[in-house]
Amino acid sequence: MTVQEILAEALNLHQGGALIEAEKRYQAVLDIEPEQADALNLLGVLSLQSRHFQQALDYLQRAINQQAKAEYYNNLGLVYRHMGRLDTAEQQFHRALEIQPDHLDSAVNLATLMHESDRTAVALALLDGLRHQGSEHPQYLFNFANFCIASGSFDRAQSSLERLLTLTPRDEAARYNYAMLLKNQGEFEAAALNFKQLFKSREKGDKARWYYSQCRLLLHDFKEGWRYYPCRFEALKIPERSVDLPAWQGEQISGQGLVVRAEQGVGDELLFASHLPLLLNRCTAIHYECDERIKPLLERSYQQVHFFDRRNNAAPAIDNIDASFQCAAGDIIRLCNPELGAAGLISPLLQVDPEKASKLALPDSEKLNIGLSYHSSGSYAAQRMPPRQFWDLLADFKAHINFVDLQSNQARSFSSPSSQLQQIDHLDLYNDLDGLAALMCNLDYVISIDNAIAHLAGNLGLPTILLLSTVHDWRWLGQSQRIPWYPATRMIRQRGQGNWHEVQTCLHREIQQILESGDTQGQV
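Residues numbered from 1 in each chain as written. Predicted model: local features only at pLDDT ≥ 70, side-chain atom pairs only at ≥ 80, totals over all residues. Heavy atoms only, no water.

Draft legend 1. How the structure looks around the environment of Leu11. Turning to its location among the elements, Leu11 is positioned in helix 1 (residues 3-15). The partly exposed category is assigned to Leu11, whose relative accessible area is 31%. Spatially, the C-alpha atom of Leu11 lies 8.4 Å from that of Tyr26, the residues being 15 residues apart in sequence. Discounting chain neighbours no more than four positions away, the residues touching Leu11 are Tyr26 and Leu42. (Helix = DSSP H or I, 4+ residues; strand = E, 2+ residues; numbered from the N terminus. Buried < 20%, exposed > 50% of the residue type's maximum accessible area, 1.4 Å probe, protein only. Contact = heavy atoms within 4.5 Å.)

Draft legend 2. Local environment of the pattern of salt bridges. Per the stated rule, a full pass over the model turns up 29 salt bridges. Note that Arg95 and Glu98 form a salt bridge whose closest N and O atoms lie 3.4 Å from each other. Of this pair, Arg95 and Glu98 both sit in helix 6 (residues 86-99), three residues apart, roughly one helical turn. Residue Asp434 pairs with Arg300 through a salt bridge whose shortest N-O separation is 2.9 Å. Here Arg300 lies in helix 19 (residues 295-301) and Asp434 lies in helix 23 (residues 433-440), a separation of 134 residues in the sequence. Take Asp434: its relative accessible area is 5%, and that puts it in the buried class. In this structure, a network of salt bridges that share partners links the residues Glu9, Glu21, Lys24 and Arg25. (Salt bridge = Lys/Arg side-chain N within 4 Å of Asp/Glu carboxyl O.)

Draft legend 3. Representation of the state of the cysteines within the structure. Evaluated as defined, the whole model comprises zero disulfides. Sulfur of Cys231: no disulfide; nearest cysteine sulfur belongs to Cys215 and is 13 Å away. (Disulfide = S-S within 2.5 Å.)

Draft legend 4. Region of interest: the sheet that holds strand 4 (residues 325-328). Across the sheet, which stays open at both edges, the four strands sit in the order 3-2-1-4 with parallel pairing between neighbours. Where the open sheet ends on each side, the last strands, each with one partner, are strand 3 (306-309) and strand 4. Across the sheet, the mean angle from the axis of one strand to that of its neighbour is 20°, orientation sign disregarded. Bridge count for strand 1 (residues 257-261) against strand 2 (residues 285-290) is four bridges, and the pairing is parallel. Bridge assignment links Val260 to a residue of strand 2, and that residue is Tyr288. (Pairing = 2+ DSSP bridges. Axes fitted to C-alpha atoms, helices over the stretch in contact; angles between N-to-C directions.)

Draft legend 5. How the structure looks around the nonpolar core. Formed by 145 residues in total, the largest nonpolar core has its most connected members in Phe195, Tyr288, Met440 and Trp474. In contact with Tyr288, not counting residues within four places along its chain, are Val260, Glu269, Phe272, Ala273, Leu276, Val305, His306, Phe307, Phe308, Ala329 and Ile332. Tyr374, Met385, Ile401 and Phe403 belong to the second largest nonpolar core, which has 24 residues in total. (Core = buried A, V, L, I, M, F, W, Y, C linked by side-chain atoms within 4.5 Å.)

Draft legend 6. Spotlight on the side chain of His287. Positionally, His287 belongs in strand 2. Of note is the side chain of His287, whose polar atom sits 2.9 Å from the side chain of His306. Here His287 is in contact with Leu258, Val259, Val260, His306, Phe308, Ile321, Asp322 and Ala323, once residues within four sequence places are set aside. (Polar contact = N/O pair within 3.5 Å; in protein donor to acceptor, adjacent residues only side chain to side chain.)

Draft legend 7. Quick peek at helix 17 (residues 266-273). The element helix 17 is extensively covered by neighbouring structure, given that eight of its eight residues are classed as buried. Among the residues of helix 17, those classed as buried are Val266, Gly267, Asp268, Glu269, Leu270, Leu271, Phe272 and Ala273. Contacts made by the buried residues of helix 17 are with helix 18 (276-280), strand 2, helix 19, helix 20 (332-336), helix 23 and helix 24 (452-460).

Draft legend 8. Inspection of the pairing of strand 1 at higher detail. When you tally the buried positions in strand 1, you get five out of five residues, the bulk of the element. Here strand 1 shows two buried faces, one formed by Gly257, Val259 and Arg261 and the other by Leu258 and Val260. Pairing between strand 1 and strand 4: four bridges, direction parallel. Pairing of Val259 across the sheet is with Gln326, part of strand 4.

Draft legend 9. Structural view of the packing of aromatic side chains. Across all of its chains, the model carries 13 aromatic pairs by this definition. Seen from their ring centres, Tyr140 and Phe144 are 5.7 Å apart, and the 5° between their planes marks the pair as stacked. Highlighted residues: Tyr140 and Phe144, both in helix 10 (residues 138-150), separated by four residues, approximately one helical turn. No difference in accessibility class separates Tyr140 from Phe144, as the two residues are buried. A centroid spacing of 5.5 Å and a plane angle of 45° characterise the contact between Trp210 and Tyr229, whose relative ring orientation is tilted. Within this pair, whereas Trp210 is found in helix 14 (residues 205-218), its partner Tyr229 is found in the loop between helix 15 (222-228) and helix 16 (232-235), the two being separated by 19 residues in sequence. The two residues Trp210 and Tyr229 agree in class, both being buried. Taken together, the ring pairs in this structure connect Trp210, Trp226, Tyr229, Trp474 and Trp485 into an aromatic cluster. Across the ring face of Tyr176, the terminal group of Lys204 is positioned such that the distance to the ring centre comes to 4.6 Å. Across the ring face of Phe199, the terminal group of Arg209 is positioned such that the distance to the ring centre comes to 5.9 Å. (Phe/Tyr/Trp six-rings, centres within 6.5 Å; stacked < 30°, edge-to-face > 60°. Lys NZ or Arg CZ within 6 Å of the ring centre and 35° of its normal.)

Draft legend 10. The arrangement of the sheet that holds strand 7 (residues 422-423) in detail. Spatially, the six strands line up as an open sheet ordered 7-6-5-8-9-10, and their pairing is parallel. Where the open sheet ends on each side, the last strands, each with one partner, are strand 7 and strand 10 (489-493). The pairing of strand 6 (residues 401-405) with strand 7 spans two bridges and is parallel. Paired with Asp405 across the two strands is Gln423, which belongs to strand 7. Along the sheet face, helix 22 (residues 388-397) touches strand 5 (368-373), strand 6, strand 8 (445-449) and strand 9 (464-468) and points at about 150° away from the line of strand 6.

See the structure below:
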């Protein structure tokens with residue numbers, strides 16, 4: 001066999017995953033031609049795959065000494081990247097592009113490094129210059145779409161992913177990203193169809209079923225949406241406590257105990273608790289696990305329910321509770337209000353501590369008192385309205401409105417104009433949610449992004465304006481301005497992903513109308 005025939009056989013074995021046999025063939029080539037550049041390059045790649053980094057560097061440098069090819073420098077850059085030597089890796093990718101400016105693999109790898117070091121605009125410009133060459137290159141299209149999404153160019157991202165799926169329709173990562181892009185732009189039907197194609201995926205299946213559930217619920221296809229709703233535990237990696245009790249399925253169980261297991265964050269817990277009146281119609285002996293920070297509020301409001309702290313070191317053993325059934329808190333809505341249509345759920349409203357509310361009363365003033373909440377650390381945090389969008393409000397309305405900062409010290413924006421926000425520093429707004437609720441009841445309005453404070457305001461029945469991104473889940477429903485479980489909350493919805501200017505304009509107009517009407521009774 002000739003050197004080229006042996007090399008072709010080795011490459012075929014390599015691509016088939018037979019690395020040991022491939023290495024033997026590459027070495028056979030070097031036995032004939034000790035400095036055969038392609039064999040050295042491919043041995044470098046094989047060594048990288050085996051995580052023998054120094055050996056990979058040695059082989060690739062020998063290959064480059066024989067012939068300075070873009071492919072070799074690109075592979076050398078990949079080795080340095082895996083070693084964590086990112087500056088050196090970037091130099092190799094640049095060198096590859098100096099040799100061959102249209103070398104797509106090098107361009108994609110260099111752009112990825114730039115994106116990961118917060119240089120997305122530069123990365124996008126690099127790939128943008130290679131659009132023609134990249135139109136048939138799957139990795140180029142995949143990365144270009146990701147960079148477009150990161151920079152807010154959603155139409156271009158969609159075009160790139162659609163082209164990629166035409167070339168490689170079984171690419172699960174591309175299909176998933178495409179479905180998420182459609183969902184985040186409000187195209188729920190098309191997103192659901194794409195998520196459904198991933199149900200059998202080992203890597204993406206759980207998340208695909210969860211987001212499919214979200215889309216179907218947002219489309220009011222409740223039967224199909226609730227069918228896949230339990231996938232949230234696997235998809236979102238939610239810890240699920242094992243309880244040796246039968247799962248409750250929504251039937252009437254008066255006289256029999258029900259354990260409700262807490263899940264997700266405080267905002268989620270408040271949403272689920274808003275449906276306690278419906279749950280009490282079916283079961284009167286409820287043992288409800290919750291975050292200790294909302295326990296006083298819930299105990300004061302639902303005295304017939306036994307609440308216990310969800311912390312492992314504080315909660316009693318669930319096995320010792322006298323109960324016949326159990327369910328996760330997130331399933332209360334699915335089981336008690338599956339059509340999402342029950343109105344007037346919050347009866348009674350969460351009851352605040354009157355003594356605390358009195359102590360936290362705001363000074364008498366001609367101004368309206370409006371609470372602002374502008375920060376979140378939840379799963380959709382990156383898509384929520386940026387804090388800087390609020391600051392124009394302060395300047396425009398400070399003569400007529402006292403804006404109260406509802407963010408905890410941990411969450412306050414470093415850029416917030418504290419001189420224009422009334423901050424309640426003597427109250428721990430993160431841990432003392434009972435105190436926060438008492439403070440909020442002294443406000444005329446609350447303006448909030450989608451976070452726990454929005455749920456707290458909703459449960460308290462406070463007039464609330466919610467600024468909602470296109471990227472949200474089912475609990476805020478589809479296009480309506482109101483939802484049945486928070487009847488005093490009105491939503492201003494973002495119409496296009498990333499477009500907050502219109503939301504800001506609508507909010508500005510809303511506040512102006514409140515001031516002109518002289519409405520201090522909180523009607524939104």
